[in-house]
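Residues per chain are reported as follows:
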Amino acid sequence: MLPHTISEIISGLRDKQFSSREITQDYLTRIKRLNPELNCFITITEDLALSQAEQADARRNAGEASILNGVPLAHKDVFCTEGVTTTCGSRMLEKFVPPYESTVTRKFMEAGAVTLGKTNMDEFAMGSSNENSYFGPVRNPWDTERAPGGSSGGSAAAVAAGLCAAATGTDTGGSIRQPAAFCGLTGLKPTYGRVSRLGMVAFASSLDQGGPFARTAEDAALLMNVMAGHDPMDSTSAQNPTEDYTSALAQPLTGFTIGLPKEYFSSQLNAELEKALQEAIKVYESLGASFKEVSLPHTELSVPAYYVIAPAECSTNLSRFDGVRYGHRCENPKDLEDLYQRSRSEGFGDEVKRRILIGTYALSAGYYDAYYRQAQKIRRLIKNDFVSTLNEVDALLCPTTPDVAFKLGEKTSDPVQMYLEDIFTIPASLAGLPALGLPCGFKGGLPVGMQLIGNYFTEARLLNLGHQYQLNTDWHKRSPALGE
Ligand code: GLN
């Protein structure tokens, strides 16, 4: 039986209960058994993983093991990996083998971690259900008829199904927190700029942020210790010093004040999920935290503002995929016009095209002021709401999603319904704030997630809040059955 958490793997490796090669092999065997159904991985890097594991074992035997040495992880296929296909879930990049390594994956390699493979995702990270992947949908291990969430659905499902100890993801408007909620995991979207974007295929550059998926806040802290930090190669990377994310975990919560934004406890929130959140509030109260109702009045404007800003940024970011500079090229083009047109028509899926159209429209000369500028003004109002509220409280507690995982196919015919799924995750993204998602109950056998939003660069405090909760609850310890 595979260990669950990174912490368990670290101690197992240290105490020589197993080698990195053995545990890597166990994960690869499990991936081979379960991936055909779950579709979590686009690429399985078996040879790379085994050779990295052997090197990790050699380092350990030589007394040179750093903390994550030999720990098997998976990476969202949005991170460029040198010599390993990086598709971003798109036909456009189906054959793209990057000539360089993203900062995030490079840091994990330098920390001695093992790469099991690249995980499935919505095309160019656009989606909330992983149904927009060119490589087919991912299935939620808790109920394979349901979506794992998106866009980092492959990473979330892989961790939940025990196909890797933990994984990386990216979050532009909720793509770490929402799949973490649907799959019963702990996922952190760091402050914008905390984790380098170098080598992360861009969707909406002012929002994109990498972060960890793990089973526990403690594991997420271990991953953040590797991922976080200034990168001189990313001009939007934050210069602020990082913290030791594990050392704050043990702090008691006495004297903490947590805000409950009333707009998040609205009719959009399913009643059973609200009950689970009320139980979580009681746990925090028993740990010494106090609660206070707060208001974020512009919350309802966040989805419309996001669905102007994100498509606008994606329309410019994705212009490079023209079959000449980057990406899929059509066969036998008649002329240059035909080359562009057919390469892009064939390479992109429907949702990506929809967003390029929306974004191009919103940025066009006659409409820029009416849409893009307005959306940016709303973004500022949303940020101001958070900034003044977070002056009064240490963090905010709220739902991550309106309901638990929905059925595959349930929302695909109505993009607006799909966009509304993001109502509770998008506001923190627009404000650039860190937010931690973690499991806080079950509804009909499906995990329920809650979200803790903090002030800028308070990841350590959020992980502290998550860890203390997990010391007193066991939602995070449950696993889907998967024929075992
Ligand atoms: N669901 C949102 C979207 O489709 C968020 C995606 C993300 O965070 N990458 O844009």
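Within each chain, residues carry numbers counting from 1 in the order of the written sequence. Local features in a predicted model are, by the rule used here, given only for residues with pLDDT of at least 70; side-chain atom pairs are given and counted only at 80 or more, and totals for whole chains, interfaces and linings are based on all residues. To obtain the side-chain values, all non-hydrogen atoms of the structure were included, while hydrogens and water were left out.

A word on the overall build of the chain
A run of H or I in DSSP counts as a helix once it spans at least four residues, and a run of E counts as a strand once it spans at least two, with each numbered from the N terminus. Within the chain, the regular secondary structure consists of 15 helices and eleven strands. In this setup the radius of gyration rests on C-alpha atoms only. A globule is expected at 2.2 Å times the number of residues raised to 0.38. The C-alpha radius of gyration computed for the chain amounts to 21 Å, which stays within 12% of the reference 23 Å derived for 484 residues, consistent with globular compactness. Taking the principal axes of its C-alpha atoms as reference, the chain extends roughly 65 × 55 × 45 Å. Each of the 484 residues in the chain was classed as buried or not, and the buried ones make up 62%. It only takes one pair of heavy atoms within 4.5 Å for two residues to be counted as in contact. Sequence separation of 24 or more characterises 75% of the internal contacts of the chain that already satisfy a separation of 6 or more. Note on areas: Shrake-Rupley with a 1.4 Å probe; residue coverage comes only from the protein chains shown. Total accessible area computed for the chain in this model is approximately 17900 Å², and 50% of it derives from carbon and sulfur atoms. The distance from the centre of the 45 positive side-chain charges to the centre of the 56 negative ones in the chain is 2 Å. Each residue's exposure class comes from its accessible area (1.4 Å probe, protein chains only) as a fraction of the maximum for that residue type: buried when under 20%, exposed when over 50%, partly exposed otherwise. Asp and Glu count as negative and Lys and Arg as positive, but His and the ends of the chain are not part of the count. Lysine's charge is taken at NZ, arginine's at CZ, aspartate's at CG and glutamate's at CD.

Considerations on the site of the ligand
Distances are taken per atom, and a residue is near a molecule or strand as soon as one of its heavy atoms is within 4 Å of it. By nearness alone, 15 residues border the ligand, and Thr172, Gly173, Ser175, Tyr306 and Arg355 come closest of all. What qualifies as a polar contact is a pair of N or O atoms within 3.5 Å, subject to a donor-acceptor requirement within protein and to the restriction that residues adjacent in sequence count only when both atoms come from side chains. The separation between an oxygen atom of the ligand and a polar side-chain atom of tyrosine 307 is 3.3 Å. Coverage of the ligand by the protein amounts to 99% of the 290 Å² it exposes when considered alone.

Things to note about the environment of valine 303
With respect to the secondary-structure elements, valine 303 resides in helix H9 (residues 302–317). When its relative accessible area of 7% is taken as the criterion, valine 303 is described as buried. Placed 120 residues apart in sequence, valine 303 and isoleucine 423 show a C-alpha to C-alpha distance of 6.0 Å. If sequence neighbours within four positions are ignored, valine 303 has contacts with Tyr419, Leu420, Asp422, Ile423 and Ile426.

Notes on the pairing of strand E2 (residues 72–76)
The buried fraction of E2 is high, at five of five residues. Across five bridges, E2 lies against strand E3 (residues 114–119) in parallel orientation. Counterpart to alanine 74 in the pairing with E3 is glycine 117. When the strands point away from the viewer, a crossover counts as right-handed if the route from the first strand across the helix to the second turns clockwise. Crossover handedness for the path E2 to helix H4 (residues 103–110) to E3: right-handed. The criterion for strand pairing is that DSSP finds at least two bridges linking the strands in question. Bridging between E2 and strand E4 (residues 166–171) involves two bridges; their strand directions are parallel.

Quick notes on the nonpolar core
The biggest cluster of nonpolar side chains holds 141 residues, and the ones touching the most others in it are Ile6, Phe124, Tyr284, Phe386, Leu397 and Leu463. Working definition of a nonpolar core: buried Ala, Val, Leu, Ile, Met, Phe, Trp, Tyr and Cys residues. They are joined through side-chain atoms within 4.5 Å. Ranked by size, the runner-up nonpolar core spans five residues in total, among them Ala147, Phe182, Phe406 and Met418.

Points about the side chain of threonine 400
Along the chain, threonine 400 turns up in the loop between strand E9 (395–399) and helix H13 (415–420). A residue is classified by how much of its surface remains accessible, and threonine 400, at 1% relative accessible area, is buried. Engagement of the side chain of threonine 400 in a polar contact is seen with the backbone oxygen of methionine 450, the distance being 3.1 Å.

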